[in-house]
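Residues per chain, in single letters:
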Amino acid sequence: MGLFSKDIQTLNDLFLHTLQDIYYAEQQIEKNLPTMAEKATAPDLKAGFEEHLEQTRGHIAKLEQVFELIGESVKGVDCPAIDGILEEADDVSGDVDDKQVLDAALIASAQAVEHYEMTRYGTLIAWAKQLGNEEAATLLAETLEEERETDQKLTQLAESSVNQQAA
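S.K.: How should the overall build of the protein be read in this particular structure?
M.R.: Broken down by element type, the protein carries 5 helices and 0 strands. The linear arrangement of helices and strands in the protein, starting from the amino end, is α-α-α-α-α. Over its C-alpha trace the protein gives a radius of gyration of 17 Å, about what one expects of a compact globule, namely 15 Å for 167 residues. Total accessible area on the protein is roughly 8,700 Å²; 48% of this is exposed by carbon and sulfur atoms.

S.K.: Where do I start with the layout of surface pockets in this structure?
M.R.: Any space left empty among the atoms is revealed by the rolling of a water-sized probe across them. By volume, the largest pocket amounts to about 300 Å³. Going through the elements one at a time, helix H1 (11-39), helix H2 (43-69), helix H4 (99-130) and helix H5 (134-166) are the ones with two or more residues in the lining of the largest pocket. Among the elements that line the lining of the largest pocket, the one with the most residues is H2, at 7 residues.

S.K.: Sorry if this is basic, but what is going on with a negative patch on the surface here?
M.R.: Judged by side-chain charge, Glu87, Glu88, Asp91, Asp95, Asp97 and Asp98 come together as a negatively charged surface patch. Positionally, Glu87 belongs in helix H3 (residues 80-94). With a relative accessible area of 53%, Glu87 lands in the exposed category.

S.K.: Where do I start with the packing of H1 against H4 in this structure?
M.R.: In helix packing, the relevant descriptors are the interaxial angle and the interaxial distance, both defined with respect to the helix axes. Viewed as axis vectors pointing N to C, H1 and H4 meet at an angle of 160 degrees, and their least axial separation amounts to 10 Å. Comparing their axes, H4 and H1 come out roughly antiparallel. Where H1 crosses over H4, the handedness of that crossing is left-handed. When grouped by side-chain class, the residues that make up the contact of H1 with H4 number 17 nonpolar, 3 polar and 6 charged.

S.K.: In this structure, what is going on with the environment of Phe15? I would like to understand it.
M.R.: Its location among the elements puts Phe15 in helix H1. Taking the relative accessible area as the measure of exposure, Phe15 reaches 2% and is therefore buried. For the pair Phe15 and Arg148, spaced 133 residues apart in the sequence, the C-alpha separation amounts to 21 Å. The contact partners of Phe15, leaving out residues within four places of it in the chain, are Val66, Ile70, Leu124, Trp127, Ala128, Leu131 and Leu140.

S.K.: So what exactly am I meant to see when it comes to the nonpolar core here?
M.R.: One recurring pattern in soluble globular proteins is that nonpolar side chains are buried together. By size, the foremost hydrophobic cluster in this structure holds 47 residues, and its most contacted members are Leu45, Phe49, Ile82 and Leu140. Going through the elements one at a time, H1, H2, H3, H4 and H5 are the ones with two or more residues in this core. Of all the elements, H4 adds the most residues to this core, at 13 residues. Residue contacts for Phe49: discarding those within four places in its chain leaves Leu33, Met36, Ala37, Ala40, Leu106 and Ala110.

S.K.: Would you mind showing me how to read the packing of H2 against H4 here?
M.R.: The geometry of H2 relative to H4 is characterised by a closest axis approach of 13 Å and an angle of 20 degrees between their N-to-C directions. In terms of orientation, H2 lies roughly parallel with respect to H4. Note that H2 runs across H4; the crossing there is left-handed. Packed against H2, whose contacting residues are Leu45, Phe49, His52, His59 and Leu63, the element H4 presents Asp103, Leu106, Ile107, Ala110, Glu114, Glu117 and Tyr121 at the interface.

S.K.: I'm lost on the side chain of Gln55 in this one. Help?
M.R.: Note on placement: Gln55 falls in helix H2. You can call Gln55 buried: its relative accessible area is 17%. A polar atom in the side chain of Gln55 sits 3.2 Å from the side chain of Thr150. In contact with Gln55, not counting residues within four places along its chain, are Glu146 and Thr150.

What counts, and at which threshold
- Residues numbered from 1 in each chain as written.
- Predicted model: local features only at pLDDT ≥ 70, side-chain atom pairs only at ≥ 80, totals over all residues.
- Heavy atoms only, no water.
- Helix = DSSP H or I, 4+ residues; strand = E, 2+ residues; numbered from the N terminus.
- Rg over C-alpha atoms; globule rule 2.2 N^0.38 Å.
- Areas by Shrake-Rupley, 256 points an atom, 1.4 Å probe, with all protein chains shown as cover.
- 1 Å grid on protein atoms, 1.4 Å probe; cavity = no way out; pocket = protein on both sides within 12 Å on 5 of 7 lines; lining within 4 Å.
- Points joined across faces, edges and corners; volume = space filled by probe spheres on them.
- Patch = residues over 30% accessible without salt bridge, like charges linked within 9 Å, V, L, I, M, F, W, Y side chains within 5 Å.
- Salt bridge = Lys/Arg side-chain N within 4 Å of Asp/Glu carboxyl O.
- Lys, Arg positive; Asp, Glu negative; His and termini not counted.
- Charge placed at Lys NZ, Arg CZ, Asp CG, Glu CD.
- Buried < 20%, exposed > 50% of the residue type's maximum accessible area, 1.4 Å probe, protein only.
- Axes fitted to C-alpha atoms, helices over the stretch in contact; angles between N-to-C directions.
- Parallel < 35°, antiparallel > 145°, perpendicular 65-115°, else oblique.
- Left-handed = near helix turned anticlockwise from the far one by under 90°.
- Nonpolar A, V, L, I, M, F, W, Y, C, P; charged D, E, K, R; others polar.
- Contact = heavy atoms within 4.5 Å.
- Core = buried A, V, L, I, M, F, W, Y, C linked by side-chain atoms within 4.5 Å.
- Polar contact = N/O pair within 3.5 Å; in protein donor to acceptor, adjacent residues only side chain to side chain.

Written out as structure tokens, the structure is:
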């Protein structure tokens, strides 16, 4: 189903499609975080990726709750956006020999992922509220807050040490 295909006729349809999109994205992130943690050399960065892996598993569980709340089967749809972001992260990190520069590249890639997630969760929250599903909005808002916190931690780590060491 394309984003603007005939299968999307209502806000409800759009909400479901976007929910399926972020569900797929979270699953791909869960698959990629162990590799990012393995490549990271800064101990705080490695620990951050490992912590976010656990959070991501919780995000997947919350999304499954939202599917249940709206009476839909749990299902993901291909998300070319997250696939592209993760492919670019892999390409960039594969080209970096200097471990300190690699850590800076990993942070930049992780933040691209976080920003994608934040846009999706923000949109889903607004639509859930518009559709009268406050419980779904609350679950999605909890995840959005964790994504924002992760982004802030990445910024702090980059600015306090990783970027300086990479320079």
